[in-house]
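Here is what each chain is made of, one letter per residue.
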Amino acid sequence: MFSFFRKKSPPPAMVPAPVPPAETPATPAAPATPVPAPAPAPATASVSTPPTAAAPSPTPSPAARQGWLDRLKAGLRKTGSSIATVFTGTQIDDALYEELETALLMADTGVKATEQLLADLKRRVKEAKATDPIQVKGLLADAIADLLAPLQKPLEIGAQQPTVIMVAGVNGAGKTTSIGKLTKHLADSGESVLLAAADTFRAAAREQLAVWADRNTVEIVSQQGGDPAAVSFDAVSAGRARGKNVVLVDTAGRLPTQLHLMEELKKIKRTIQKAGLADASVAAGPPQGDTAPSGGSEPHAVGGVGARLPPHEVLLVIDGNTGQNALAQVKAFDEALQLTGLIVTKLDGTAKGGVLCAIAREKPIPVYFIGVGEKLEDLETFDAREFAQALLS
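What counts, and where the lines are drawn
Residues numbered from 1 in each chain as written. Predicted model: local features only at pLDDT ≥ 70, side-chain atom pairs only at ≥ 80, totals over all residues. Heavy atoms only, no water. Helix = DSSP H or I, 4+ residues; strand = E, 2+ residues; numbered from the N terminus. Pairing = 2+ DSSP bridges. Axes fitted to C-alpha atoms, helices over the stretch in contact; angles between N-to-C directions. Contact = heavy atoms within 4.5 Å. Salt bridge = Lys/Arg side-chain N within 4 Å of Asp/Glu carboxyl O. Buried < 20%, exposed > 50% of the residue type's maximum accessible area, 1.4 Å probe, protein only.

### Points about unusual backbone geometry
Thinking step 1. Residue Gln161 is joined to Pro162 through a cis peptide bond whose omega torsion reads -5°.
Thinking step 2. With respect to the element layout, Pro162 can be found in the loop between strand 2 (156-157) and strand 3 (163-169).
Thinking step 3. Here the bond from Pro310 into Pro311 is cis, since omega is -5°, no more than 30 degrees from zero.
Thinking step 4. A positive phi angle, close to 65°, is found at Asp108, a residue other than glycine.
Thinking step 5. Unlike most non-glycine residues, Thr217 shows phi in positive territory, near 50°.
Thinking step 6. In this structure, Thr217 sits in the loop between helix 9 (205-216) and strand 5 (219-221).

### Examining the sheet that holds strand 3
Thinking step 1. Read across the open sheet, the eight strands follow the order 5-4-6-3-7-8-9-10; overall the sheet is mixed. Of all the strands in the sheet, just strand 5 and strand 10 (379-381) have a single pairing partner and so form its edges. Direction aside, the axes of adjacent strands within the sheet are offset by 25° on average.
Thinking step 2. Strand contacts of helix 8 (residues 175-188): strand 3, strand 4 (193-198), strand 6 (246-251), strand 7 (313-319), strand 8 (341-345), strand 9 (367-371) and strand 10, with the helix running at about 170° to strand 6, the strand carrying the most contacts.

### With respect to the pattern of salt bridges
Thinking step 1. Scanning the model with the defined rule gives 15 salt bridges in all.
Thinking step 2. Residue Arg124 pairs with Asp146 through a salt bridge whose shortest N-O separation is 2.4 Å. Of this pair, Arg124 sits in helix 6 (residues 111-128) while Asp146 sits in helix 7 (residues 133-148), and the two are 22 residues apart along the sequence.
Thinking step 3. We classify Asp146 as partly exposed; its relative accessible area is 42%.
Thinking step 4. Where Arg242 meets Glu219, a salt bridge forms, and the shortest distance between an N and an O atom there is 2.4 Å. Residue Arg242 is found in the loop between helix 10 (228-241) and strand 6, and its partner Glu219 is found in strand 5; the two are separated by 23 residues along the sequence.
Thinking step 5. With a relative accessible area of 44%, Arg242 lands in the partly exposed category.

It is worth stressing that arrangement in space is one thing and function is another; only the former is reported here.
Next comes the structure, spelled out in C-alpha cells:
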C-alpha cells in the first residue's frame, strides 16, 4: 500500500531530540576493553529506532502506483477515446479544433472549461511551433494538467485531535463505500478511527457501515432510528474522550432539490461544531491567548485550545457518471455546507470524465480521491498530471 494522505507530525514528535545526547555518554563506556564487540551493537540499535518512529507514513511503491495508473487509463478509456480520435488526421487546422471542441463538450468538460482549454492549447501550439496533430495531443494533456492543478491537494490528518471528517453525497454515489475504503487506509496506516452512522435516512445504511467497522476492526457509534445530529454529537464527543485520531461521520444521501433534507445536513454540521465547542470548553481550562497554532489565526479558534471547531473536513462524494449533474451537486452542497474536498467515484467506464475540468473551471474545490472500481485499491489520491495523461492515453 502507498501513501493515501498526508500525516501532520504532532508537536510531541520533537521530544526524541534530547534522546541522542543521552546515549552519547554510553559510548565512552565501550572502551572498557573486556568486550569491545557489544559497544557498537547498542549504538546501531539506538540509531535504528528513530527512523522507524520518524517515518510512520508509507512510501509509495512505483509498481503499485503504475498498477493504479493502468486501472485509471482503463477506466477513462471511453472518455479518452472520443477525444483521441481528433488527433488521427494529418493537419492542424480549424477543423481539428472544431472536432476537439465537440469531443470535449461531449465529455462533459463544460462550455467555460472547453473555451479556456482551446485558447490555452492554441497558444501552446503557436509557441511550440507544432506541425503534427500528435504534438497537439501532448500539448492538450499539459493544458488539462494545468487546469486541474488547483484541485490537487492531499488530505491532512493529525493537525486536530481528533480530525473530524463529515461526508455527504446523494444516494448511489458510493458515499458509504468510499468511507469504508478511507477507513481501511487510515487503519492500515496506524490511525485510530471512529465511525459515526448518521445516515439514518437510508435503509440498511447503518448495517453497511457496521460491516466496514467490523472488517477494519474500528469502533462505530450508532443508534437504532436515532436522530442524525444526535449521533454525530455523540461520535465527536466519544472520539475526543477515547483519544481517536479520526472521526468519520457518514451522513444521509441528499438531493439538492430536497430543501428540508439539506437543512438537516446543515443541522448536523452545526451540531458537530457544538460538540467540538463543548469538548474544547472542558479541555481548555483558563484562556491562553498565545496558544494559537503556527500558520496564522483560524476563524474557528477556541480560547486555550488553539484548534478549529469540527468538522475539519466536509467532503462530498460525487458519481463521475453524472457529468454536469455532478457539477450542479458540488455547487448546491458547497452553498449549504462550505465543502473542503471531493471524492469522485465510478470513473471506470464513464464517457463523462471531463467533468473534473468543469469543476476546476467553475468550482475549484480540491479533489482528494478518485475511484475507478469497487476494490479497496481502486480508490486513490488525485494527481492532476496523471489524470490528464490517462484521459488522453
